[in-house]
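# Structural overview for review
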Amino acid sequence: MLQIAVLISGNGSNLQALIDARNSGRLQIEIVHVISNRGNAAGLERAARAGIPTSILEHSGFHDRADFDQTLAVLISIHTPELVILAGFMRILGRAFLDQCPCPVINLHPSLLPRHRGTGTYRRAIQAGDSEHGSSMHFVTAELDSGPVISQVRVPIKPGDDEKSLMRSLEPKEHGLVVATTELFCTHSVQCSCDAVIIDGKRLAKPLLLNTDGTF
Ligand code: GRF
């Protein structure tokens, strides 16, 4: 049973996808802790309903970024997870966090990395005239949205798509990506080494692409 902690900032629909996959028996996980950096995140209620311990850590009370980062790492350590998943967590974590976090950290980012790092990815993909958009899961490193990419899911950008319609078409696929990527950690050895993803001892040449059946 893989012990995971999930960090959120808002709605928590990706957290819900993990809870549902755990409840259905697809994922052999225990979600040991959900932490939000916003007290009003709806995802906190989803976690509480599922009987998962929750914490709120808002950055307003901290002197600086490193202070917040170190406290967050200590908070995570309490429940001794084997993997931390940032799922809709809207705060940049720096070296101070990574140095003290007790386990690997992966992030869900709504773009086909390395395209469109940072925020506003739906708008930027449409404005750039991209023919497709998607989401990526990657190991978190000290540089924003730049760690080695484990997996991706793609959706076409159709004529007339706007940010909202694109988000609507990507959201269910993104949930599938979070679940399938977490499943990968349950069933295989997945590591980050020298800026590469290593699965069962072999270097991943390119990100795994989610199939329409929700597997890689
Ligand atoms: C998701 O689109 C995720 O890719 C992005 O923020 C959104 C949050 O979704 N980082 P939710 O809170 O899991 O519903």
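See above for the structure.
Residues numbered from 1 in each chain as written. Predicted model: local features only at pLDDT ≥ 70, side-chain atom pairs only at ≥ 80, totals over all residues. Heavy atoms only, no water.

### Quick word on the environment of Ser193
Our working definition: We count a stretch as a helix when DSSP gives it H or I for four or more residues in a row; a strand needs E for two or more, and each element gets its number in order from the N terminus. Only protein chains enter the accessibility calculation, which uses a 1.4 Å probe. A residue is then buried if its area is under 20% of the maximum for its type, exposed if over 50%, and partly exposed in between.
Assignment of secondary structure puts Ser193 in strand β8 (residues 190-193). For Ser193, a relative accessible area of 35% puts it in the partly exposed group. Considered as a pair, Ser193 and Ile92 are 101 residues apart in the sequence and their alpha carbons are 21 Å apart.

### What about the packing of aromatic side chains?
For any pair of aromatic rings, the description consists of the separation of the ring centres together with the inter-plane angle of the planes. Let me state the cut-off plainly: Each Phe, Tyr or Trp ring (for Trp, its six-membered ring) is paired with any other whose centre lies within 6.5 Å, and the angle between the two planes then decides the class: stacked below 30 degrees, edge-to-face above 60, tilted in between. Remark: a charge is flagged as sitting over a ring if the NZ atom of Lys or the CZ atom of Arg is within 6 Å of the ring centre and within 35 degrees of the ring normal.
Under the counting rule described, the total for this entry stands at 2 aromatic pairs. Relative to Phe68, the ring of Phe62 lies with its centre 5.4 Å away and its plane at 90°, an arrangement referred to as edge-to-face. With centroids separated by 6.0 Å and ring planes inclined at 70°, the aromatic side chains of Phe139 and Phe185 adopt a geometry described as edge-to-face. Within this pair, whereas Phe139 is found in strand β6 (residues 132-139), its partner Phe185 is found in helix α6 (residues 163-187), the two being separated by 46 residues in sequence. When sorted by exposure, Phe139 lands in the same class as Phe185, which is buried. Against the face of Phe68 rests Arg91, its NZ or CZ located 4.4 Å from the ring centre.

### Details of the site of the ligand
Selection criterion: A molecule or strand has a residue near it when one of that residue's heavy atoms lies within 4 Å. Polar contacts, as counted here, are pairs of nitrogen or oxygen atoms within 3.5 Å of one another; within protein the pair requires one atom able to donate a hydrogen and one able to accept it, and residues that are adjacent in sequence qualify only if both atoms are side-chain atoms. Only protein atoms enter the 1 Å grid used here. Points where a 1.4 Å probe fits but cannot escape make up a cavity, open sets with protein on both sides within 12 Å along at least five of seven lines make up a pocket, and a residue lines them when an atom lies within 4 Å of a point. Should more than half of a molecule's atoms lie within 2 Å of a pocket's or cavity's grid points, that molecule is taken to sit in it.
Near the ligand the following residues occur: Asn11, Gly12, Ser13, Asn14, Gly88, Leu108, Pro110, Tyr122 and Glu174. One nitrogen or oxygen atom from the side chain of Ser13 is found 2.5 Å from an oxygen atom belonging to the ligand. Here an oxygen atom of the ligand and a side-chain polar atom of Glu174 are 2.6 Å apart. Under a 2 Å grid-point criterion requiring more than half of the atoms, the pocket assigned to the ligand is the largest pocket.

### Remarks on the sheet that holds β6
Basically, it comes down to this: For two strands to be treated as a pair, DSSP must find at least two bridges joining them.
Taken together, the 8 strands give an open sheet; going across it, the order is β3-β2-β1-β4-β5-β6-β7-β11, and neighbouring strands pair in mixed fashion. The strands lining the two open edges of the sheet, one partner per strand, are β3 (54-56) and β11 (208-209). Where strand β5 (residues 105-109) lies against β6, 4 bridges are found, and the strand directions are antiparallel. Within β6, the position partnered with Leu108 by the bridge is Met137.

### Section: helix α1 (residues 13-24)
Selection rule: Take the residue count of a helix, subtract one, and multiply by 1.5 Å to get its expected span. Whether two residues touch is decided by their heavy atoms; if any such pair falls within 4.5 Å, the residues are in contact.
Taking 1.5 Å as the rise per residue, α1 with 12 residues should run 16 Å; its terminal C-alpha atoms sit 16 Å apart, in good agreement. Those residues of α1 hidden inside the fold are in contact with β1 (2-8), β2 (29-36), α2 (43-49), β4 (83-86), β5 and α6. Gly25 sits one or two residues past α1 and shows a positive phi near 95°.

### Describing the side chain of Arg91
We apply this condition: Note on charges: Lys and Arg go in the positive column, Asp and Glu in the negative column, and His and the chain ends are not counted at all. Salt bridges, as used here, are contacts in which a Lys or Arg side-chain nitrogen is within 4 Å of a carboxyl oxygen on Asp or Glu.
Assignment of secondary structure puts Arg91 in the loop between β4 and α4 (95-100). It is Asp69 that comes nearest to the buried, bridge-free Arg91 among opposite-charge side chains, at 4.9 Å. A polar contact of 3.4 Å, which involves the side chain of Arg91, links it to the side chain of His59. Ignoring any residue separated from it by four or fewer positions in sequence, one finds Arg91 in contact with Asn37, His59, Arg65 and Phe68.

### Quick look at the side chain of Asp145
Along the chain, Asp145 turns up in the loop between β6 and β7 (149-156). Despite its burial, Asp145 remains without a salt bridge, the nearest opposite charge being carried by Arg117 at 6.4 Å. At a separation of 3.5 Å, a polar atom in the side chain of Asp145 contacts the side chain of Asn107.

### Notes on the sheet that holds strand β10 (residues 202-203)
Pairing in this open sheet of 3 strands is antiparallel, and the strands run β8-β9-β10 from one edge to the other. The strands lining the two open edges of the sheet, one partner per strand, are β8 and β10. Pairing analysis gives 4 bridges linking β8 to strand β9 (residues 196-199), with the strands arranged antiparallel. For Cys192, the partnering residue across the bridge sits in β9 and is Val197.

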